[in-house]
Amino acid sequence: MQNEFDKFLRQIEGTRKFLEVPENIYRQLLSVKRFLEVSIPVMMDSGEVKVFTGYRSQYNDARGPFKGGIRFHQNVNIGEVKALSAWMAFKCAVVDIPLGGGKGGIIVNPKELSSGELERLSRGYVRSVSDIIGDRVDIPAPDVNTDGRIMSWMLDEYETIRRHHEAGVITGKPLSLGGSKARSYSTAQGGFYVIDSAAKKMGIEKGATVAIQGFGNAGRNIAFIMQKAGYKIISVSDSKGVIENKEGLDIADVAKYKDEKGTLLGYPKAKDIASAEQLAEEVDIFIPAALENSVTEKDAQTLKTKLVAELANGPVTPEADAVFEKNNVTVLPDILTNAGGVVVSYFEQVQNAYGYYWEEKEALQKLETIMRTAFEEVWKIRTEKKTTARNAAYIIALSRISEAMMARGRG
Ligand code: NAD
């Protein structure tokens, strides 16, 4: 399997030809600033002690504290955690929020753990990394298979160790512990502002067709939001299959069906199709919102679309990216399209610091301003440099990170 951190290194190497980055700065961006591996012993319900491996990667904090989620997954590995921490730094820089990049993970299939075991594992992780996190040092958040409940245990453990309240040490908390309104759907909402701005530039009208890969937090919410805004969702998929209705799906009805049946397949007002068929559809906008590397070179050759919006992290492989570029398909990169989640995490931290909480409308207005501004900046550089939106986003992020490092005298 390709090391994800190598993929990141190839991306920044490619960006370098568009802007001057001093060699002394660039050299520091080729590795993470700090990486911690921990062993977490957990008393299982059976009375046996199991030892889990966890990581925290801190890539760069020139622009502000490290920031990034904690993933619980059996495939978590060092290269992936390092790459995700680097992508976080670039994501925060492209939307211009004052944070750096970090990421954490534990090698575990959480579906095999009882609630008590999961709580002991979550608390054990925090005990292991507590020396290197803090609201002005490194701020974790949820990621794949972690949620508000896990963040609450982690916050409680951290505050117990520190013996003071410090809500801003972790984001993605429930509202009762200082979470932000709009956080639950912020990734999709932020993605919508970016996609809608791009559609306007490209002359894609309301009523345009949309296909979505993935129907979890990101995919389901973007489907709702796009439909409400007047787009026509013609297909959605999950890990079990794809449903399609060229006249448009009623997403609330589809979501109800999926919640009841646990699958999209068999939904009566659409037909079941193969996943290869979804990837050969003629559709105005394609939104991968499931997994990494889910759109391959072959898929890029068959998909007939104008715009691909990466709501997932790293769904389009570099080979597929090259095909899209050749075919003049615009790809809105993940570091821009899915940054809404970290933007509202940042809002959460700001509210925690002030102890004063905003209404949902206020959070959404601020999110819209940040996302549409970041999109305009990316689009401008893309046009000026005659390159892809991905390269443009990396150019902006790399220049902001290196500028902060230079200002600190790190060059
Ligand atoms: P999730 O676990 O809630 O949903 C994932 C969805 O993908 C599920 O519906 C699953 O069935 C589906 N899926 C899995 N394999 C598939 C396949 N082969 N084909 C089609 N669908 C498949 O996860 P999520 O939170 O929605 O995250 C999705 C992606 O978005 C990830 O890459 C994640 O890193 C990224 N992301 C999420 C957030 C967030 O706030 N949720 C923020 C930034 C990035």
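Just so it is clear, the structure is predicted and the values come from calculations on it, not from any experiment.

1. Brief notes about the overall build of the protein
When you go through the protein residue by residue, the secondary structure sums to 15 helices and 12 strands. Relative to the 2.2 N^0.38 estimate, which gives 22 Å for 411 residues, the radius of gyration of the protein is 21 Å and therefore close to what a compact globule would have. Overall size of the protein, expressed as C-alpha extent along the three principal axes, is 55 × 55 × 45 Å. Within the protein, the proportion of its 411 residues that are buried is 58%. Across the protein, contacts joining residues at least 24 apart in sequence account for 68% of those joining residues at least 6 apart. Accessible surface for the protein amounts to roughly 17,200 Å². Of this, 50% is attributable to carbon and sulfur atoms.

2. Description of the side chain of Glu244
Topologically, Glu244 is positioned in strand S8 (residues 241-244). Once residues lying within four places of it in the same chain are set aside, the contact partners of Glu244 are Ile234, Ser235, Ala270, Lys271, Ile273 and Glu281.

3. Structural notes on the environment of Ala374
Along the chain, the position of Ala374 falls in helix H14 (residues 360-385). With relative accessibility at 2%, the residue Ala374 sits in the buried group. Once you skip the residues sitting within four places of it in the chain, Ala374 turns out to touch Val94, Val95 and Leu336.

4. Thoughts on the packing of aromatic side chains
Considering all chains together, one arrives at 10 aromatic pairs under this definition. On the basis of an interplanar angle of 85 degrees and a centroid distance of 5.5 Å, the ring pair of Phe8 and Tyr59 is categorised as edge-to-face. Pair noted here: Phe8 is in helix H1 (residues 4-15) and Tyr59 is in strand S2 (residues 49-60), with a separation of 51 residues, a long-range link. Like Tyr59, Phe8 is buried. The lysine or arginine in question, Arg16, covers the ring of Tyr26, its NZ or CZ lying 3.7 Å from the ring centre. When the ring centre of Trp358 is taken as origin, the NZ or CZ atom of Lys366, which lies over that ring, is 4.7 Å away.

5. Remarks on the domain arrangement of the protein
Structurally, the protein comprises domain 1 (4-9 + 32-179) and domain 2 (181-411). Distance between the C-alpha centres of domain 1 and domain 2: 24 Å. Across the contact, 34 residues belong to domain 1 and 36 residues belong to domain 2. Interface area, domain 1 with domain 2, both sides summed: about 2,900 Å², of which 62% is carbon and sulfur. Note that Arg410 and Asp61 form a salt bridge whose closest N and O atoms lie 3.5 Å from each other. Only H1, strand S3 (66-73) and helix H3 (78-94) provide two or more residues apiece to the side of domain 1 that touches domain 2. When residues of the side of domain 1 that touches domain 2 are assigned to their parent elements, the largest contribution, nine residues, is made by H3. Residues that form the side of domain 1 that touches domain 2 fall into these classes: 16 nonpolar, six polar and 12 charged.

6. Some details on the pairing of S3
In terms of burial, S3 is a largely internal element, seven of the eight residues being buried. Note that S3 and strand S5 (residues 138-142) share five bridges and pair parallel. Note on S5: the bridge partner recorded for Ile70 is Pro142. With four bridges joining them, S3 and strand S4 (residues 101-107) adopt parallel strand pairing. Within S4, the residue paired with Arg71 across the bridge is Gly105.

7. Comments concerning the pairing of strand S6 (residues 209-213)
Taking burial as the measure, the five residues of S6 include five buried ones, the bulk of the element. Side chains Thr209, Ala211 and Gln213 project from S6 onto one buried face, and the interleaved Val210 and Ile212 project onto a second face that is buried too.

8. A look at the side chain of Gln351
Tracing the backbone shows Gln351 in helix H13 (residues 340-354). Setting aside residues no more than four positions away along its own chain, Gln351 makes contact with Ser180, Tyr356, Tyr357 and Trp358.

9. Quick notes on the layout of surface pockets
Volume-wise, the second largest pocket comes out at about 390 Å³. Taken together, 20 residues form the lining of the second largest pocket, with Gln11, Pro318, Asp321, Arg390 and Asn391 sitting closest to its centre. A class-by-class count of the residues in the lining of the second largest pocket yields five nonpolar, seven polar and eight charged.

10. Looking at the site of the ligand
Taken together, 19 residues lie around the ligand, and Thr187, Asn217, Ala218, Ser239 and Asn313 are the ones closest in. Contacts to the ligand include Asn217, whose backbone N or O atom sits 3.0 Å from an oxygen atom. Between the ligand and the protein, one listed contact pairs an oxygen atom with a backbone N or O atom of Ala218 at 2.8 Å. Looking at the shell around the ligand, the elements that each hand over two or more residues are helix H7 (217-228) and strand S7 (232-238). Across the shell around the ligand, the residue classes tally to seven nonpolar, nine polar and three charged.

Cut-offs and rules
- Residues numbered from 1 in each chain as written.
- Predicted model: local features only at pLDDT ≥ 70, side-chain atom pairs only at ≥ 80, totals over all residues.
- Heavy atoms only, no water.
- Helix = DSSP H or I, 4+ residues; strand = E, 2+ residues; numbered from the N terminus.
- Rg over C-alpha atoms; globule rule 2.2 N^0.38 Å.
- Buried < 20%, exposed > 50% of the residue type's maximum accessible area, 1.4 Å probe, protein only.
- Contact = heavy atoms within 4.5 Å.
- Areas by Shrake-Rupley, 256 points an atom, 1.4 Å probe, with all protein chains shown as cover.
- Phe/Tyr/Trp six-rings, centres within 6.5 Å; stacked < 30°, edge-to-face > 60°.
- Lys NZ or Arg CZ within 6 Å of the ring centre and 35° of its normal.
- Domains from an automatic or database assignment.
- Buried area = accessible area lost by both parts, 1.4 Å probe.
- Salt bridge = Lys/Arg side-chain N within 4 Å of Asp/Glu carboxyl O.
- Nonpolar A, V, L, I, M, F, W, Y, C, P; charged D, E, K, R; others polar.
- Pairing = 2+ DSSP bridges.
- 1 Å grid on protein atoms, 1.4 Å probe; cavity = no way out; pocket = protein on both sides within 12 Å on 5 of 7 lines; lining within 4 Å.
- Points joined across faces, edges and corners; volume = space filled by probe spheres on them.
- Near = heavy atom within 4 Å.
- Polar contact = N/O pair within 3.5 Å; in protein donor to acceptor, adjacent residues only side chain to side chain.

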